[in-house]
Amino acid sequence: MTAVTVTEPIPHHEDPITIGRRWRAGVILLIVADAAFVGSLVFSYFYLRGLNTSGAWMAKHGSGAPIWFPWLIALIVVLSAGAYRWGQVGIHAGRVSRLPVGAGIAVLLLAVDIVVQVIQLGSLPFALKDSAYTSSVYVLGGANLFHLVVTFFIGLGLWNRSRLNLYTATEDWQVRVVGIWWNWIAIAAIVSAIPTSFIASPNHLTG
């Protein structure tokens with residue numbers, strides 16, 4: 001028989017910088033994919049609006065959604081991203097206690113924004129199937145709600161970890177990559193609000 005000597009496993013530790021750069025690359029690739037999705041929604045909105053095939057863009061006697069609602073939602077997301085950035089800059093400067101405060105405010109603003117987005121979708125003065133315009137508005141709002149919910153849970157987890165002092169000025173890669181994503185959803189909310197400000201089709205022909 002062959003004797004086998006069991007030894008302690010050799011621990012393998014990667015450089016935190018290498019791991020952090022890998023996380024950042026992954027988040028950037030995710031944002032690129034998501035940006036393609038958001039861009040396709042915006043393109044579809046303007047394409048259907050401009051074409052207005054057989055007058056299908058807007059139903060007869062149909063009404064548009066309030067223009068200010070998407071901009072209010074975008075503003076709250078921007079404020080949320082700003083609060084998170086404030087906490088992130090604080091931990092970079094060695095003020096570790098500033099991160100849970102900034103992240104907490106950012107998460108709270110997201111919770112408010114989720115409620116506002118649900119209210120908007122629930123109070124639209126039309127049904128999803130009424131026209132190409134109505135379906136486009138619902139899809140844009142739904143995509144924005146998805147962004148908000150995902151970021152809320154990510155931010156909640158990060159806030160809890162920051163509350164437990166698990167991040168430092170030199171070990172903050174998770175804080176950085178979440179900050180990149182947070183900035184993106186703020187940009188996506190603005191981009192999604194732009195097309196909904198243009199309701200009437202420039203092509204009024206119905207043939």
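Residues numbered from 1 in each chain as written. Predicted model: local features only at pLDDT ≥ 70, side-chain atom pairs only at ≥ 80, totals over all residues. Heavy atoms only, no water.

Roughly 200 Å³ of internal volume is contained in the largest pocket. The wall of the largest pocket is formed by Pro-16, Ile-19, Gly-20, Trp-23, Arg-161, Leu-166, Tyr-167, Thr-170, Glu-171, Asp-172, Trp-173 and Gln-174. Secondary-structure elements contributing two or more residues to the lining of the largest pocket are helix 1 (16-51) and helix 5 (173-193). Broken down by element, the lining of the largest pocket gets its largest block of residues, four residues, from helix 1. (1 Å grid on protein atoms, 1.4 Å probe; cavity = no way out; pocket = protein on both sides within 12 Å on 5 of 7 lines; lining within 4 Å. Points joined across faces, edges and corners; volume = space filled by probe spheres on them. Helix = DSSP H or I, 4+ residues; strand = E, 2+ residues; numbered from the N terminus.)

Time to look at the nonpolar core. Counting residues in hydrophobic clusters, the biggest one holds 34 residues, and the most contacted among them are Tyr-84, Leu-158, Val-175, Trp-182, Trp-184 and Ile-185. Within the residue set of this core, elements represented by two or more residues are helix 1, helix 2 (68-92), helix 3 (98-122), helix 4 (132-163) and helix 5. Sort the elements by how many residues they give to this core and helix 5 lands first, with 10 residues. In this structure, Ala-65, Phe-126, Tyr-133 and Val-137 belong to the second largest nonpolar core, which totals 13 residues. (Core = buried A, V, L, I, M, F, W, Y, C linked by side-chain atoms within 4.5 Å. Buried < 20%, exposed > 50% of the residue type's maximum accessible area, 1.4 Å probe, protein only.)

When you line up the elements, Ser-80 lands in helix 2. A relative accessible area of 0% means that Ser-80 is categorised as buried. Here the side chain of Ser-80 touches Ala-106 through a polar contact of 2.8 Å, landing on its backbone oxygen. Setting aside its immediate chain neighbours within four residues, Ser-80 contacts Ala-106, Leu-109, Leu-110 and Trp-182. (Polar contact = N/O pair within 3.5 Å; in protein donor to acceptor, adjacent residues only side chain to side chain. Contact = heavy atoms within 4.5 Å.)

Aromatic rings in a pair are described by how distant their centres are and how their planes are angled relative to each other. The tally for this structure, following the rule as stated, stands at 11 aromatic pairs. Ring geometry for Phe-126 and Tyr-133: centres 5.6 Å apart, planes at 70°, overall edge-to-face. Across the pair, exposure class does not vary: Phe-126 and Tyr-133 are buried alike. With 6.0 Å between their ring centres and 80° between their planes, Phe-126 and Tyr-138 make a pair best called edge-to-face. Placement of the pair is Phe-126 in the loop between helix 3 and helix 4 and Tyr-138 in helix 4, with a sequence separation of 12 residues. Note that Arg-163 overlies the ring of Trp-159, its terminal NZ or CZ placed 5.5 Å from the centroid. Between Arg-176 and the ring centre of Trp-173, over which it is positioned, the NZ or CZ distance is 4.4 Å. (Phe/Tyr/Trp six-rings, centres within 6.5 Å; stacked < 30°, edge-to-face > 60°. Lys NZ or Arg CZ within 6 Å of the ring centre and 35° of its normal.)

On the surface, a cluster of nonpolar side chains totalling about 540 Å² of accessible area is made up of Phe-46, Ile-67, Trp-71, Val-78, Ile-190, Ile-194 and Phe-198. Relative to the helices and strands, Val-78 resides in helix 2. (Patch = residues over 30% accessible without salt bridge, like charges linked within 9 Å, V, L, I, M, F, W, Y side chains within 5 Å. Areas by Shrake-Rupley, 256 points an atom, 1.4 Å probe, with all protein chains shown as cover. Salt bridge = Lys/Arg side-chain N within 4 Å of Asp/Glu carboxyl O.)

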